[in-house]
Amino acid sequence: MVVDELARCGVRDAVLCPGSRNAPLAFALHDADATGRIRLHVRTDERTAGFLALGLALGSGRPVPVAVTSGTAAANLHPAVLEALHSGVALLAVTADRPPELVGTGASQTIAQAGIFGGAVRWAGAADRAAGPRTRSAVVRAVVAATGRSGTPPGPVHLNLPFTEPLVPGPDDGPVPDGRAGDRPWTDVTAVHRTPAPLPLDPEARTVVVAGSGGADVDLPGDVPVVAEPSSPLWPRALRTGPWLAGRADLRPDQVVVVGRPTLHRDVMRLLGDPEIAVYAAAGPQGEPWADVPGSVRAVGAVPALRPPAGFTARWRDADAAASVVLDKAFAAGDATVGLRLARDLVAAQPDGTQLVLGSSNPVRDVALGAAPRTGVTVRANRGVAGIDGTVSTAVGAALVHDGPTVALLGDLTLLHDTTGLYLGPDEPRPDLTLVVLNDDGGGIFHLLEQGGPEHARAFERVFGTPTGVDLGALATAAGIAHTVSDGRQEDLVAHAGQGIRITEVRAGRDGLRAAHASLRRAIRDGE
């Protein structure tokens, strides 16, 4: 009944981990897959499964359940649940449970699962497979809360299902109680639409738009300076070197409009924290909370037509052109880091229709700082909590629902953090996914932070650099996927349809990373 109602509510993909207590869900999902109602994806690791479901939901825009057994299996979904919460993704954690009377008795694989995710879910409830209308109603409530149709922001939900034995189909099983006619959901819920008031800003003031992850695709005139992160819908029309220029005093605006959630650049955060600059936030399309780390936002609402002074926009345009020349000279001279060059070439190489998934730490920053924004590429990234958890599985899920090839750019530690995401069973759907891995044998991002300063060199390599020495080729062989080592040539970086999963490894060192970024920043600041 649960699976039948999920299908009626628009679920088209579901992820399952094997277990005993969730056997009723396993049989029902297998049957739904066999009849073409729901495509099933089976994984043996619950953390991987959670991020696979997140990627499927992120790429499709549909709710995706991940069904697991009881005990620590449910707890292993917590990282994906947190990412879904902070990125507004409709993830359904469907956890099997022991009957309530067994909780606290010492029964095997039994914990207090109700409320396990605390405030990290939009809705939490329980259902009994034999409860008929109440069970169907609970499934509808879960899906509506996850998708935000009730007027709240979308995000993860928790549906807990206490199952009593027997856990396998038997001859005495009765028919599933009928749902609504016409394969409709038990309760039809009309989506709530919000119309925020316009922001009370000066449309003719010197204005910069800062666009972070997510947010609305705001309609802006072509001359408004936009500093955008790659996972923003506004990135294709952003200034190429906007993140490098955000701290320039000669480009300082009177006001800033924030769209989405900026997380990448310290100069941008300093701009938003400047008490002399009026900061406003664009309202999220589904009532999402606005980003305001420095506490500077004066109002939240719809962005009106902006008409900043021509001289101001021209200064930004000219500065961007000059900084782009400096950046290209650094690339040509070999002064830029391998990561920045790789990001530039990878983004430029992709054909229209490609999906690009970016790992956290340096890869997403390298694209923001080194690549030219462009149309024709859909960019995804786990920027909700910005961890490296489950990036491979997120990319696999997003690729499975994308109509075209997908390429993911990630670091070696991010790949190793989710190696179980590489292992797909022989009967599982396989995506077209190229994993481009910048292998610098450790945590390159820390070279660019305070702990990467020379005064911390004695402790740095062991506790921040964390080299592993793992042979990625051997890892790929163990997973049964193709692996090549590349020097970063564009032809090696292109996502191709019909090739399944493959790893393209680009090797680099971490020495000089800090100095190279500092040199580029000085050159762009000074226009040299």
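Heads up: these notes are all about the structure in this document. Fair warning: this is a prediction, and the values are worked out from it, not measured in the lab.

## Digging into the overall build of the chain
Consideration 1: A tally of helices and strands in the chain yields 17 helices and 17 strands.
Consideration 2: A globule of 528 residues ought to have a C-alpha radius of gyration of about 24 Å, and the chain, at 24 Å, matches this closely.
Consideration 3: Dimensions of the chain, computed from C-alpha atoms along their principal axes, come out at roughly 80 × 55 × 45 Å.
Consideration 4: A burial count over the chain gives 54% of its 528 residues as buried.
Consideration 5: Counted over contacts in the chain with a minimum sequence separation of 6, partners at least 24 positions apart contribute 75%.
Consideration 6: When the accessible surface of the chain is summed, it comes to about 21900 Å², and 52% of that surface belongs to carbon and sulfur atoms.

## Topic: helix 5 (residues 78-87)
Consideration 1: Along helix 5, the residues classified as buried are Ala80, Val81, Glu83, Ala84 and Leu85.
Consideration 2: Where the residues of helix 5 are buried, they touch helix 3 (46-60) and strand 4 (91-97).

## Concerning the packing of helix 3 against helix 5
Consideration 1: In the contact formed by helix 3 and helix 5, the axes pass within 7 Å of each other and the chain directions differ by 25°. Here helix 5 runs roughly parallel to helix 3, going by the angle between their axes. Here helix 3 contributes Arg47, Gly50, Phe51 and Leu54 to the contact with helix 5, which in turn contributes Pro79, Ala80, Glu83 and Ala84.
Consideration 2: When grouped by side-chain class, the residues that make up the contact of helix 3 with helix 5 number 5 nonpolar, 1 polar and 2 charged.

## Looking at the sheet that holds strand 4
Strand pairs in the sheet, formed through backbone hydrogen bonds, run parallel or antiparallel to each other.
Consideration 1: The strand order across the open sheet formed by 6 strands is 2-1-3-4-6-5, and the pairing between neighbours is parallel. Of all strands in the sheet, those bounded by a partner on one side alone are strand 2 (39-42) and strand 5 (123-126). Adjacent strand axes in the sheet meet at a mean angle of 20°, parallel and antiparallel pairs treated alike.
Consideration 2: Sheet topology note: the strand 3 (residues 64-68)/strand 4 ladder contains 5 bridges and is parallel. Opposite valine 68, over in strand 4, you have threonine 95 as the bridge partner.

## A short note on the sheet that holds strand 16 (residues 482-486)
Consideration 1: If you trace the 6 strands from one edge of the open sheet to the other, you get 13-12-14-15-17-16, paired in parallel fashion. Only two strands of the sheet have a single neighbouring strand rather than two, namely strand 13 (377-381) and strand 16. Strand-to-strand, the axes of this sheet are offset by a mean angle of 20°, without reference to chain direction.
Consideration 2: Bridge analysis of strand 12 (residues 354-358) against strand 14 (residues 406-411) gives 4 bridges, and the strand direction is parallel. Residue pairing across strands places leucine 358 opposite leucine 409, the latter belonging to strand 14.
Consideration 3: With respect to the sheet, helix 11 (residues 362-370) is in contact with strand 12 and strand 14, its orientation differing from that of strand 14 by roughly 110°.

## Overview of the packing of helix 9 (residues 310-333) against helix 17 (residues 513-526)
Consideration 1: Here helix 9 crosses helix 17 at 145°, and the two axes come no closer than 9 Å. As for how helix 9 packs across helix 17, the hand of that crossing is right-handed. Along the contact surface, helix 9 presents Ala323, Val326, Leu327 and Ala330, while helix 17 presents Leu520, Ala523 and Ile524.
Consideration 2: Residue classes in the contact of helix 9 with helix 17 are distributed as 7 nonpolar, no polar and no charged.

## Section: the pattern of salt bridges
For side chains bearing opposite charge, pairing can occur when the charged atoms are close.
Consideration 1: Evaluation of the coordinates by the stated rule reveals 24 salt bridges.
Consideration 2: The salt bridge involving arginine 206 is made with aspartate 254; its shortest N-O contact spans 2.9 Å. Of this pair, arginine 206 sits in the loop between strand 6 (157-162) and strand 7 (207-211) while aspartate 254 sits in the loop between helix 7 (242-245) and strand 9 (255-259); the two residues are 48 residues apart in sequence, bridging distant segments of the chain.
Consideration 3: Across the pair aspartate 487 and arginine 489 runs a salt bridge, and its minimum N-O distance is 3.4 Å.
Consideration 4: Taking relative accessible area as the criterion, aspartate 487 reaches 63% and is therefore assigned exposed.
Consideration 5: Overall, the relative accessible area of 43% leaves arginine 489 in the partly exposed class.
Consideration 6: Within the structure, one salt-bridge network assembled from shared partners comprises Asp4, Glu5, Arg8, Arg37, Arg136 and Asp183.

## Let's talk about the nonpolar core
Consideration 1: Membership of the largest hydrophobic core comes to 46 residues, with the highest contact counts inside it found for Val15, Val66, Val81, Leu415, Leu422, Leu433 and Leu435.
Consideration 2: Per-element tally for this core: the top contributor is helix 3, with 7 residues.
Consideration 3: Sequence-distant contacts of leucine 422, defined by excluding residues within four places in its chain, comprise Val392, Leu415, Leu435, Leu475, Ala479 and Ile481.

## Regarding unusual backbone geometry
Glycine aside, a negative phi is what most residues show, and trans is what most peptide bonds show.
Consideration 1: Cis geometry is found at the peptide bond from glutamate 165 to proline 166, where omega equals 5°.
Consideration 2: Structurally, the position occupied by proline 166 is in the loop between strand 6 and strand 7.
Consideration 3: In this model, glutamine 109 sits at a positive phi of 55°, which is unusual for a non-glycine residue.
Consideration 4: Structurally, the position occupied by glutamine 109 is in the loop between strand 4 and strand 5.
Consideration 5: One non-glycine residue, aspartate 183, lies in the positive phi region at around 60°.
Consideration 6: Mapped onto the elements of the fold, aspartate 183 is located in the loop between strand 6 and strand 7.

What counts and how
Residues numbered from 1 in each chain as written. Predicted model: local features only at pLDDT ≥ 70, side-chain atom pairs only at ≥ 80, totals over all residues. Heavy atoms only, no water. Helix = DSSP H or I, 4+ residues; strand = E, 2+ residues; numbered from the N terminus. Rg over C-alpha atoms; globule rule 2.2 N^0.38 Å. Buried < 20%, exposed > 50% of the residue type's maximum accessible area, 1.4 Å probe, protein only. Contact = heavy atoms within 4.5 Å. Areas by Shrake-Rupley, 256 points an atom, 1.4 Å probe, with all protein chains shown as cover. Axes fitted to C-alpha atoms, helices over the stretch in contact; angles between N-to-C directions. Parallel < 35°, antiparallel > 145°, perpendicular 65-115°, else oblique. Nonpolar A, V, L, I, M, F, W, Y, C, P; charged D, E, K, R; others polar. Pairing = 2+ DSSP bridges. Left-handed = near helix turned anticlockwise from the far one by under 90°. Salt bridge = Lys/Arg side-chain N within 4 Å of Asp/Glu carboxyl O. Core = buried A, V, L, I, M, F, W, Y, C linked by side-chain atoms within 4.5 Å.

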